[in-house]
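# Architecture at a glance
Given next are the chains, with one letter for each unit.
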Amino acid sequence: MALVYMGSDHAGFGLRGLIARHLRENGHEVRDLGPDSPESCDYPVFARKVCEKVLEDAGSFGILVCGTGVGMSMAANRFPGIRAALCACEFQARATRQHNDANVLCLGERVTGPGVALGMVDLFLSTPFEGGRHQRRIDLFDAAPRA
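Within any chain, residue numbers begin from 1 and follow the written order of that chain's sequence. Local features are withheld for residues below a pLDDT of 70 in this predicted model, meaning they are given only at 70 or higher, and side-chain atom pairs are given and counted only at 80 or more; totals for whole chains, interfaces and linings count all residues. The side-chain numbers reported here are obtained from all heavy atoms of the structure, hydrogens and water having been left aside.

What follows deals with the overall build of the protein chain. Each helix corresponds to a stretch of at least 4 residues labelled H or I by DSSP, and each strand to a stretch of at least 2 residues labelled E; elements are numbered beginning at the N terminus. When its secondary structure is counted, the protein chain shows 6 helices and 5 strands. Seen in sequence order, the protein chain has helices and strands lined up from the N terminus as β-α-β-α-β-α-β-α-β-α-α. At 14 Å, the protein chain has a C-alpha radius of gyration in line with the 15 Å of a compact globule built from 147 residues. Once the C-alpha set of the protein chain is aligned to its principal axes, its extents read approximately 40 × 35 × 25 Å. Classification of residues uses two cut-offs on accessible area relative to the type maximum, computed with a 1.4 Å probe and protein chains only: under 20% is buried, over 50% is exposed, and between them is partly exposed. Counting the 147 residues in the protein chain, one finds 49% classified as buried. Nonlocal contacts in the protein chain, meaning residues at least 24 apart in sequence, comprise 68% of its contacts between residues at least 6 apart. Total accessible area on the protein chain is roughly 7600 Å²; 52% of this is exposed by carbon and sulfur atoms. When charges are counted, Lys and Arg are positive and Asp and Glu negative, with His and the chain ends excluded. In this description, the location of a charge corresponds to atom NZ of lysine, CZ of arginine, CG of aspartate or CD of glutamate. Treating the 16 positive side-chain charges of the protein chain as one cloud and the 17 negative ones as another, the clouds have centres 5 Å apart. Values of the radius of gyration come from C-alpha atoms, whereas the globule rule sets the reference at 2.2 Å times the count of residues to the power 0.38. Residue contacts follow a heavy-atom distance rule, with two residues in contact if any of their heavy atoms lie within 4.5 Å. All accessible-area figures derive from a Shrake-Rupley calculation using a 1.4 Å probe, and residue coverage is judged against the displayed protein chains alone.

Next up on the list: the packing of aromatic side chains. Within 6.5 Å between ring centres, the rings of Phe, Tyr and Trp (the latter by its six-membered ring) count as paired, and their orientation is classed by plane angle as stacked under 30 degrees, edge-to-face over 60, tilted in between. The full count for this structure, using the stated rule, is 1 aromatic pair. Between F61 and F124 the ring centres are 5.7 Å apart and the planes differ by 70°, which places this aromatic pair in the edge-to-face class. You can see F61 sitting in strand β3 (residues 61-66) and its partner F124 sitting in helix α5 (residues 114-126), a full 63 residues away along the chain. With relative accessibility at 10%, the residue F61 sits in the buried group. Here, over-ring charges are defined by two tests on the NZ atom of lysine or the CZ atom of arginine: distance to the ring centre within 6 Å, and angle to the ring normal within 35 degrees. Directly above the aromatic system of F124 lies the positively charged group of R97, at a separation of 5.9 Å from the ring centroid.

All right, on to the pattern of salt bridges then. Should a side-chain nitrogen of Lys or Arg be within 4 Å of a carboxyl oxygen of Asp or Glu, the pair is scored as a salt bridge. Under the defined criterion, the tally for this structure stands at 7 salt bridges. As a salt-bridge pair, R31 and E29 come within 2.5 Å of each other at their nearest N and O atoms. With relative accessibility at 34%, the residue R31 sits in the partly exposed group. A relative accessible area of 38% places E29 in the partly exposed class. In this structure, E52 and R48 form a salt bridge, with 3.4 Å as the shortest nitrogen-oxygen distance. Of this pair, E52 and R48 are both found in helix α2 (residues 43-56), 4 residues apart, which corresponds to roughly one turn of the helix. Given the relative accessible area of 44%, R48 is considered partly exposed.

In structure tokens:
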């Protein structure tokens with residue numbers, strides 16, 4: 001079973017709670033980093049908390065939820081070593097693990113139904129990275145020149 005760090009903003013509060021319960025019921029270790037209420041808050045704060053923990057704990061995963069998932073994915077991908085994927089379907093959740101070795105799944109509560117979200121979470125956490133040619137490509141992420 002996986003160690004999963006979770007965070008959201010106010011727009012992802014409900015789906016985050018549903019996912020956390022689902023994961024615990026299925027034997028995963030969940031560390032919910034907030035927020036503690038659905039009051040308005042800033043998604044980059046919670047993206048940072050989750051990404052820092054994922055980077056500290058090798059082999060762990062992160063799940064971030066906001067309204068669309070876009071803001072969380074943008075914030076998370078600012079951290080070297082984080083490969084955050086915004087997914088909208090099960091194919092993406094599986095492929096991003098197989099080909100991209102994604103370590104953070106980003107979801108949008110306002111655009112993704114709960115059943116689809118839980119299916120994506122299960123696939124994301126159970127799908128192994130294929131390595132090989134895909135590792136070579138991931139290695140290029142940090143080698144890319146910065147402007």
